[in-house]
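Remarks on the overall topology
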Amino acid sequence: MIDLKEFQVWFLTGSQHLYGEETIKQVADHAKEIADYLNDSEDISVSVVFKPVLTTSDSIFDTLVEASSDKKCIGVVTWMHTFSPAKMWIRGLKALQKPLLHLHTQYNSEIPWDSIDMDFMNLNQSAHGDREFGHIVSKLGKQRKVVTGYWKDEDVLKSVDSWARACAAWQDWQGAKFARFGDNMREVSVTDGDKVAAEERFGFSVNTYAVGDLVKVIDAVSDAEVQELIKEYESTYTLAENVQESGSKRQNLIDAAQIELGMKKFLEQGGFKGFSNTFEDLYGMKQLPGIATQRLMEQGYGYAGEGDWKTAALVRAAKVMGAGLKGGNSFMEDYTYHLKKGEEMVLGAHMLEVDPSLTSEKPRLEVHPLSIGGKDDPARLVFDGDPAEKALNASLVDMGGRFRLVVNDVVGINPNKDMPKLPVARVFWKPLPSLQVAASGWIYAAGAHHTVYSQNLSLEHFRDFAAFANIEVVHIGKDTDLYQLQKELLWNDKYYTEK
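This one's a predicted model, so the numbers in the text were calculated from it and none came from an experiment.

Let us now look at the sheet that holds strand S8 (residues 238-239). Pairing in this open sheet of 3 strands is mixed, and the strands run S8-S13-S14 from one edge to the other. A strand with exactly one partner marks an edge of an open sheet, and here the two such strands are S8 and strand S14 (379-382). Bridging between S8 and strand S13 (residues 364-367) involves 2 bridges; their strand directions are parallel. Looking at the pairing, Leu239 lines up with Leu365 of S13.

Dropping the structure here:
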């Protein structure tokens, strides 16, 4: 389980000694009140830690260096209560290695019309103090997010939380390891990429591990462990008749449980946060991991099929960003279309591996033949994904020398149709602004056929996250015009290849 409260953002307030000790004390009291409010708010998912008011170049530098080296600190929030001369911030900002959010707010929400005097004006200078700070951040070319508004307002809190969740996912990527069981699906382009460039840009590593080494761990799983997991299956899911105790495919279920336990042990022993595999490389395994992959994703691991390590890493990032929110995040593939005029929609699935966090129904546990892979019939969880008024698909692609994140807003729907001959987990959605524009735009943008399907994250989360790596974000949504999108792609090509 991912607990975002284990992550900290530091609340830093700027001022100067020009105003005297009484003013600095008031600044500190107000700043602590704001930091405590953010920390206690149900709208903020991480811990917010108040730090002493910063009034000198040395204190700013020391604090930002400390933030950069503190493993619990995932980012810093800055606010200028009074005027804080921005040259004091240059050394510290240049040393800062953690994400930065500039909260442009003020302690009071309204002007105290009857009592306002010069003492009040002397204390409450955020309107121009934050502009002084903002100038130096822009002049230094420092990436940051600016959130403007009163610190108790819901929209301000949600925007801060979007950034904080992205910070947590970014911190989670730093030093993360992803296992690739076997190699890429043969001859496939978009699922491959430059793993060295990815480690330099994103902070995580991807290495290949022999399927035989995984099989050794699977084979070492005890019968007692398998039987314990079978009991969990029986209490959690509705078991098809052929996998029940006397069913003809009971052994397939036992084998699937052994695979799940072995895979989890391998991942835990290696400290991995996600994995990929391919049905072309299953040597020594009895079946393609179906239910194992589904349940491991549900527990927070990133995953993508066919050796697609980029999507596996992005699934993990989405798991962290979405922790505690209603709905789920899963590896997904646009599998087939419904093109009836006026009813256009996408059926999303992937053979066996869709995360049950996408449904509120009780999944069915079934075993059926699989026409590819040449292995025993695999076990899988079968369900329909819940509708989601605001959902999205996101794809991380290697453009050659740089990376691009493509995001399409969609509406998750229930088509109210039975599919008795399709025994896989499936999700339906309508892309915005339409299937025709969204699919064409996705193809123009080189988006992959593999995605992260999210029921609880927004474009803001992914934009905040991508900004930390300084990579391009291409958004396809309700206002997308294909002509303008193609021009945007040309401009982006020029900008990102010349940086």
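Residues annotated by UniProt as "binding site: Mn(2+)" (unreviewed entry) correspond here to Glu306, Glu333, His350 and His450. Annotated residues spanning 145 residues; largest pairwise C-alpha distance 11.7 Å, indicating a single compact cluster. Given the relative accessible area of 9%, Glu333 is considered buried. Dropping the residues within four chain positions of it, Glu333 is found in contact with Glu306, Leu347, Gly348, Ala349, His350, Trp429, His449 and His450. Excluding its chain neighbours within four sequence positions, the residues that come into contact with His450 are Thr191, Gly305, Glu306, Asp308, Thr311, Phe331, Met332, Glu333, His350 and Ser395. Only 3.2 Å separates the side chain of His450 from the side chain of Glu306, close enough to count as a polar contact.

A word on the sheet that holds strand S4 (residues 100-104). Remark on secondary structure: sheet strands pair via backbone hydrogen bonds, oriented parallel or antiparallel. If you walk across this open sheet you meet the 5 strands as S2-S1-S3-S4-S5, and the pairing is parallel. The sheet is open, and its two borders are formed by strand S2 (47-50) and strand S5 (145-148), each paired with just one other strand. If you compare each strand with its neighbour and ignore which way they point, the axes differ by 25° on average.

Conventions we followed
Residues numbered from 1 in each chain as written. Predicted model: local features only at pLDDT ≥ 70, side-chain atom pairs only at ≥ 80, totals over all residues. Heavy atoms only, no water. Pairing = 2+ DSSP bridges. Helix = DSSP H or I, 4+ residues; strand = E, 2+ residues; numbered from the N terminus. UniProt positions renumbered as here; feature names shortened; annotations may be inferred. Buried < 20%, exposed > 50% of the residue type's maximum accessible area, 1.4 Å probe, protein only. Contact = heavy atoms within 4.5 Å. Polar contact = N/O pair within 3.5 Å; in protein donor to acceptor, adjacent residues only side chain to side chain. Axes fitted to C-alpha atoms, helices over the stretch in contact; angles between N-to-C directions.

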